[in-house]
Structures are given as C-alpha cells and as structure tokens.
Amino acid sequence: MRTEEDTPLADRVLLIESRAGNGALASIGQGLPRRSANEEALFLSYNYADVPVGRSFGCCFRGSDESDVVWVTATVVAVTQQFGFGWDVIPHGWKTLAVLRFEPKAPALIRDLPEAAGWFDQPVSVHVSDTDTWEARAASRLGSMS
C-alpha cells in the first residue's frame, strides 16, 4: 500500500493507455456500472498510489506535450481488473480498468483515444492529475530548460 502523501507531488498522475472497447468491457468490465454520457471506461497503466473511488482530479494533458492541458474535473467512479470485481481503490502498482467521470464533459483528448481490448495494446498517452501536480511538473520542465 502506498498513499498519495507518500508519492512526490510531480508523480501523482493517472496514466491512461486507451479507452476500453466493447469486447474488453464484456470480458473484464463486469464489475463496472453502466456509464453515463460524460463517463469513459479507460485502461490505466501502473498506478502511483492507492487512489480511492470518488477521488477527483483537475486536469488532463498529453504525455507527449504536457503544455497541451485541458482543465476539467475527472472523478474516479469505478475500478476493476481482470477478475471482473468492482474495487474501492485503484491499487498502487496495478494496471486497472476504471470509469472516470469528466465534468462538464469528456475532453477531445480522451474521446479521441483509440479503443483497445486490453492493457498493453496502446502506449500511455494521456495523463490525469491535480492542478498542483501539473504545475509542479511544469515548473520542473521550465527548470530543466535553464
């Protein structure tokens, strides 16, 4: 178990690989609730800490260009893994299938992600974090340019 407080601020990022395709949802998504229009089922890469369902974040940004940021609330609604059971956390160090609610709606950089049948089908391309984490990463990038 690793808490968020035990994780450096700049590392507190959910790493999104892809959207879950219908086949993936049928085979491993049984533990997930029916999604509303502003929710997406996403394959997440290895998680930085134990993140509880209900946790909200403040932005999404591209892994390849962190200055391409969208200020949107993203809330963890549900989590599962290959066993199809719902979990109350995204566990540290696990790849998971999670439903995130985006408010007011899912941004294009999420909607445009490719659909996949499982983990490892796509590289991590979108990050989700708090504003403080994004700012810490931006400050680090600026510091490395000097």
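Only a predicted model underlies this, so the values are computations on that prediction, with no experimental measurement involved.

1. Focus: the nonpolar core
Then, in step 1: Leu14, Ile16, Phe102 and Ile110 are the most contacted members of the largest nonpolar core, which totals 23 residues.
Then, in step 2: A per-element tally of this core places strand S5 (residues 69-80) first, with four residues.
Then, in step 3: Excluding anything up to four places from it in sequence, isoleucine 110 contacts Ile16, Arg19, Glu40, Leu42, Cys60, Phe102 and Val126.
Then, in step 4: One finds Leu32, Phe43, Ala78 and Val99 within the second-largest nonpolar core, a separate group that totals 12 residues.

2. Description of the packing of aromatic side chains
Centre-to-centre distance and the angle between the planes together describe a pair of aromatic rings.
Then, in step 1: Counted according to the given criterion, the structure contains three aromatic pairs.
Then, in step 2: Arranged with centres 5.0 Å apart and planes meeting at 75°, the rings of phenylalanine 43 and tryptophan 119 form a pair that is edge-to-face. Here phenylalanine 43 is found in strand S2 (residues 39-44), whereas its partner tryptophan 119 is found in the loop between strand S8 (115-116) and strand S9 (126-129), with 76 residues between them in sequence.
Then, in step 3: For tryptophan 119, a relative accessible area of 16% puts it in the buried group.
Then, in step 4: The interplanar angle of 85° and the centroid separation of 5.2 Å between the aromatic rings of tryptophan 87 and tryptophan 94 together place this pair among those described as edge-to-face.
Then, in step 5: Between the NZ or CZ atom of lysine 95 and the centre of the ring of tyrosine 46, over which it lies, the distance is 4.9 Å.
Then, in step 6: The aromatic ring of phenylalanine 120 is capped on one face by lysine 95, whose charged end is 4.0 Å from the ring centroid.

The rules behind these values
Residues numbered from 1 in each chain as written. Predicted model: local features only at pLDDT ≥ 70, side-chain atom pairs only at ≥ 80, totals over all residues. Heavy atoms only, no water. Core = buried A, V, L, I, M, F, W, Y, C linked by side-chain atoms within 4.5 Å. Buried < 20%, exposed > 50% of the residue type's maximum accessible area, 1.4 Å probe, protein only. Helix = DSSP H or I, 4+ residues; strand = E, 2+ residues; numbered from the N terminus. Contact = heavy atoms within 4.5 Å. Phe/Tyr/Trp six-rings, centres within 6.5 Å; stacked < 30°, edge-to-face > 60°. Lys NZ or Arg CZ within 6 Å of the ring centre and 35° of its normal.

Interpretation in functional terms is not warranted from these geometric data alone.
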